[in-house]
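Coordinate analysis (summary)
Letter by letter, the chains look like this.
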Amino acid sequence: MPEFSASAPPLARIATVRNALQPAEGRVADLVAAHPADVVEWTAQEVAERAGVGRATVVRTCQSFGYRGYPQLRVALAAELARGNEGHIDHGPSVLGRMRGEIDRLAASLPALASVLDAEAVADAVRIAAQSRRLLILANGLSSPIASDLAMRLTAAGRPAEFIADAIAQQIAARHLTADDACIIVSGSGANEASLRVASAAAQGGAELIAMTSFASSALTELASRSLVIAPSGVSFRDELEHTSRVAYLVFAEVFADAVAAERGADAREARAHALEVVSNNLGESAS
């Protein structure tokens, strides 16, 4: 299980470790995620009875979330719920009202996206991305747009990065990598078969393999040399697979690209000036 920072909220912790829990612990985690406000009021024995497990399993599950025991989880849940209720606005039942409510929910979840990231892993990933001879950024399924966006941002900042859409072509390109190269694989679940084949191919040549994922323990993180664990904006595996978690990835991709550009210093500033020049040359009079 990962080492969580003190600021990591309990629901984000649950989301990032849920897939690695034993079945009994998983039932406790699902109960807490589904009824956080009720759990604040329940005793450990009440949670155990509702989850159909022993009280010791409840305590062990809390420890998997990085807490000493159940009382610490209750306090953390109460604090997270209080923060979530601050400034909540009812925008009404209209379509736009519901959309505004969802925007508020997503905005409130964004501060937690970095709460389970490891500072050393982030610093190493930025350095590797900035200095590697060749950089591939690959993904499949719903993660593909994130990888494409990140590759484009880095290339515009003077750090050439390659995105390849075809799964077989990804594996071929990854197999050509060497110890001087790096590959960033974006996979929310960390279990996409096509992405795992790419990871294995990259590892065969000794390339630095960086996983950008939502779960601290997965087949992908076992292969990766560095793992960037981004807390999903939802609290269930289904939420991770749907569109809501993409917002956190898009935000992280943008700030990651900025960090790589900062690492490259003057070279990145010059490259961005060139990119803006190209954009300017392609704007017609009607764009003004």
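Coordinates for the structure precede this section.
Keep in mind it's a predicted model, so treat the numbers as computed, not measured.

As for its placement among the helices and strands, serine 64 is situated in helix H5 (residues 55-64). Between the C-alpha atoms of serine 64 and alanine 29, which are 35 residues apart in sequence, the distance is 9.8 Å.

Attention shifts here to helix H8 (residues 119-131). Compared with the 18 Å implied by 1.5 Å per residue over 13 residues, the 18 Å span of H8 between its first and last C-alpha is a close match. Those residues of H8 not exposed but buried are Ala121, Asp124, Ala125, Val126, Ile128, Ala129 and Ala130. For H8, the side-chain oxygen to backbone nitrogen distance between the N-cap and glutamate 120 is 3.3 Å, and the N-cap itself is aspartate 118.

Taken as a whole, this structure holds nine salt bridges when the rule is applied. In this structure, arginine 18 engages aspartate 30 in a salt bridge whose closest nitrogen and oxygen atoms are separated by 2.8 Å. Taken as a pair, arginine 18 in the loop between helix H1 (10-17) and helix H2 (23-34) and aspartate 30 in helix H2 lie far apart in primary sequence, 12 residues in all. A relative accessible area of 38% means that aspartate 30 is categorised as partly exposed. Among the salt bridges present, the one from glutamate 25 reaches arginine 60, with a minimum N-O distance of 3.0 Å. Linking glutamate 25 in helix H2 with arginine 60 in helix H5, this pair joins segments that are 35 residues apart in sequence. Three or more residues are tied together by salt bridges with common partners; here these are Asp124, Arg127, Glu208 and Arg226.

Taking 1.5 Å of rise per residue, 13 residues should cover 18 Å, and helix H9 (residues 144-156) covers 18 Å from first to last C-alpha, within 8% of that figure. Listed as buried for H9 are Ser144, Ile146, Ala147, Asp149, Leu150, Ala151 and Leu154. Looking one or two places after H9, you find glycine 158, whose phi comes out positive at around 85°.

Here is what the cut-offs are and how they apply
- Residues numbered from 1 in each chain as written.
- Predicted model: local features only at pLDDT ≥ 70, side-chain atom pairs only at ≥ 80, totals over all residues.
- Heavy atoms only, no water.
- Helix = DSSP H or I, 4+ residues; strand = E, 2+ residues; numbered from the N terminus.
- Expected span 1.5 Å × (residues − 1).
- Buried < 20%, exposed > 50% of the residue type's maximum accessible area, 1.4 Å probe, protein only.
- Polar contact = N/O pair within 3.5 Å; in protein donor to acceptor, adjacent residues only side chain to side chain.
- Salt bridge = Lys/Arg side-chain N within 4 Å of Asp/Glu carboxyl O.

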